[in-house]
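Below, each chain spelled out in residue letters.
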Amino acid sequence: EGKWREIMDKLSDVSVEEYRSIVRGDERFVKYFRDSTPELELTGLNIGSRPAKRKPGGGVESLRAIPWNMAWTQTRCNLPTWLGVGSAIGGALEGDDKEVLLEMYREWGAFRTVVDLVEMVVVKSESDIHGMYEEALVKGEGR
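So, here's what we can say about the structure. (Residues numbered from 1 in each chain as written. Predicted model: local features only at pLDDT ≥ 70, side-chain atom pairs only at ≥ 80, totals over all residues. Heavy atoms only, no water.)

**With respect to the overall build of the protein**
Along the backbone of the protein there are nine helices and zero strands. Helices (α) and strands (β) of the protein occur, in sequence order from the N terminus, as α-α-α-α-α-α-α-α-α. Here the contacts in the protein between residues at least 6 apart in sequence split such that 67% fall between residues at least 24 apart. With an accessible surface of roughly 9,200 Å², the protein has 53% of that area assigned to carbon and sulfur atoms. (Helix = DSSP H or I, 4+ residues; strand = E, 2+ residues; numbered from the N terminus. Contact = heavy atoms within 4.5 Å. Areas by Shrake-Rupley, 256 points an atom, 1.4 Å probe, with all protein chains shown as cover.)

**Some points on helix H8 (residues 109-124)**
With 16 residues, H8 should cover 22 Å at 1.5 Å per step; its first-to-last C-alpha distance of 22 Å lies within 8% of that length. For H8, the set of buried residues is Phe 111, Val 118 and Val 121. The arc that holds every buried residue of H8, seen down its axis, measures 95°, which confines them to one face. With respect to the buried face of H8, the exposed residues turned more than 90 degrees away are Val 123 and Lys 124. Residues of H8 that are buried sit in contact with helix H1 (2-23), helix H5 (79-82), helix H6 (85-94) and helix H7 (98-107). (Expected span 1.5 Å × (residues − 1). Buried < 20%, exposed > 50% of the residue type's maximum accessible area, 1.4 Å probe, protein only. Arc of directions from axis to C-beta.)

**So, the nonpolar core**
One finds Val 23, Phe 29, Phe 33, Val 60, Trp 68, Trp 72 and Leu 79 to be the most contacted residues of the largest nonpolar core, which totals 14 residues. Every element with two or more residues in this core is listed here: helix H2 (29-36) and helix H4 (65-74). Setting aside residues no more than four positions away along its own chain, Leu 79 makes contact with Phe 29, Trp 68 and Trp 72. If you look at the next biggest cluster of nonpolar residues, it comprises ten residues, including Ile 7, Ala 92, Leu 101 and Trp 108. (Core = buried A, V, L, I, M, F, W, Y, C linked by side-chain atoms within 4.5 Å.)

**Let's talk about the packing of H7 against H8**
For the pair H7 and H8, the least separation of the axes is 6 Å and the interaxial angle reads 95°. For the element pair H7 / H8, the angle class is roughly perpendicular. Mapping the contact onto sequence places Leu 101, Met 104, Tyr 105, Arg 106 and Glu 107 in H7 and Gly 109, Phe 111, Arg 112, Val 115 and Asp 116 in H8. A breakdown of the residues in the contact of H7 with H8 according to their chemical character gives five nonpolar, one polar and four charged. (Axes fitted to C-alpha atoms, helices over the stretch in contact; angles between N-to-C directions. Parallel < 35°, antiparallel > 145°, perpendicular 65-115°, else oblique. Nonpolar A, V, L, I, M, F, W, Y, C, P; charged D, E, K, R; others polar.)

**Brief notes about the side chain of Glu 39**
Relative to the elements of secondary structure, Glu 39 occurs in helix H3 (residues 39-43). Since its relative accessible area comes to 0%, Glu 39 is described here as buried. There is a polar contact of 3.0 Å between the side chain of Glu 39 and the side chain of Arg 34. (Polar contact = N/O pair within 3.5 Å; in protein donor to acceptor, adjacent residues only side chain to side chain.)

Written out as structure tokens, the structure is:
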């Protein structure tokens, strides 16, 4: 249905904007990521056919997907899965698209699967464990 695709485009736009505003837009993020995750240790593992980074000295955008996701999974934060999704869906539920969004969840299996998978990852995330990593590794104003 055309309305569903229109709403999916809106959800995607909001989610991407929120994600990028933090990951690329906050100058503190790269340091926080490096301090709070085992990213540097993971880049030394030979876990794929390509180097862990596109540019050895680059920022987050130079990382490949495997070390990026593994670093967040190791700390039980799972940030790449959920960051931005809540803003997108929450905004739609508070706006004029609420009923259509609920219809999409009931009637569109692909949409329901995505929402359910994100929900599962959020449930598996452990903010207490991530907090222990943060407390032990992130110093000063980086918290």
